[in-house]
Amino acid sequence: QVDLVESGGGLVQAGGSLRLSCAAPGRTFSNYNMGWFRQAPGKEREFVAGINWSGQISHYADWVKGRFSISRDNAENTMALQMNDLRPGDTAAYYCAKQSVQASGWFSIYDYDRWGRGTQVTVSS
């Protein structure tokens, strides 16, 4: 029943930055661990970053740590992904997701049970 809506995608030149947002209207947003995934055409959806319910613990894919930063504002029911030094290889649809209560980890799509519709990020050379 939780609706997740991404925004902030767009076209950016290599080396530029974008800030993605994920909004959830639910009153219990702070109860959920959350994550960002991305999917490029012809490729599997892959983990980008995750953040626990309080915002005190975060996880990153090895290839993205240092360039991207995940955060959340539970009072506003929002989560963000700040993306810096973007590269053409970052071009993908980016999805926010809610971790399942039964999740065994952070990195698999099967650990998440709610997904936004995605926001497209395109990085030009």
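Just above sits the structure.
In what follows, the accompanying structure is described.

Calculation criteria
- Residues numbered from 1 in each chain as written.
- Predicted model: local features only at pLDDT ≥ 70, side-chain atom pairs only at ≥ 80, totals over all residues.
- Heavy atoms only, no water.
- Disulfide = S-S within 2.5 Å.
- Helix = DSSP H or I, 4+ residues; strand = E, 2+ residues; numbered from the N terminus.
- Buried < 20%, exposed > 50% of the residue type's maximum accessible area, 1.4 Å probe, protein only.
- Contact = heavy atoms within 4.5 Å.
- Polar contact = N/O pair within 3.5 Å; in protein donor to acceptor, adjacent residues only side chain to side chain.

**Remarks on the state of the cysteines**
Counted according to the given criterion, the structure contains 1 disulfide. Between Cys 22 and Cys 96 runs a disulfide, and the two sulfur atoms are separated by 2.2 Å. Across the S-S bond of Cys 22 and Cys 96 the torsion is about 60°, and the bridge reads as right-handed. Note that Cys 22 is positioned in strand S3 (residues 18-23) and Cys 96 in strand S9 (residues 92-99), a separation of 74 residues in sequence. Across the pair, exposure class does not vary: Cys 22 and Cys 96 are buried alike.

**A few points about the environment of Glu 6**
Along the chain, Glu 6 falls in strand S1 (residues 5-7). Look at Glu 6 and you get buried, because its relative accessible area is 9%. Sequence spacing of Glu 6 and Leu 86 is 80 residues, and the spatial spacing of their C-alpha atoms is 18 Å. Not counting the four nearest positions on each side in its chain, Glu 6 is found in contact with Ser 21, Cys 22, Trp 36, Tyr 94, Tyr 95, Cys 96, Gly 116, Arg 117, Gly 118 and Thr 119. At 2.9 Å, the side chain of Glu 6 and the backbone nitrogen of Cys 96 are in polar contact. Only 3.1 Å separates the side chain of Glu 6 from the backbone nitrogen of Arg 117, close enough to count as a polar contact.

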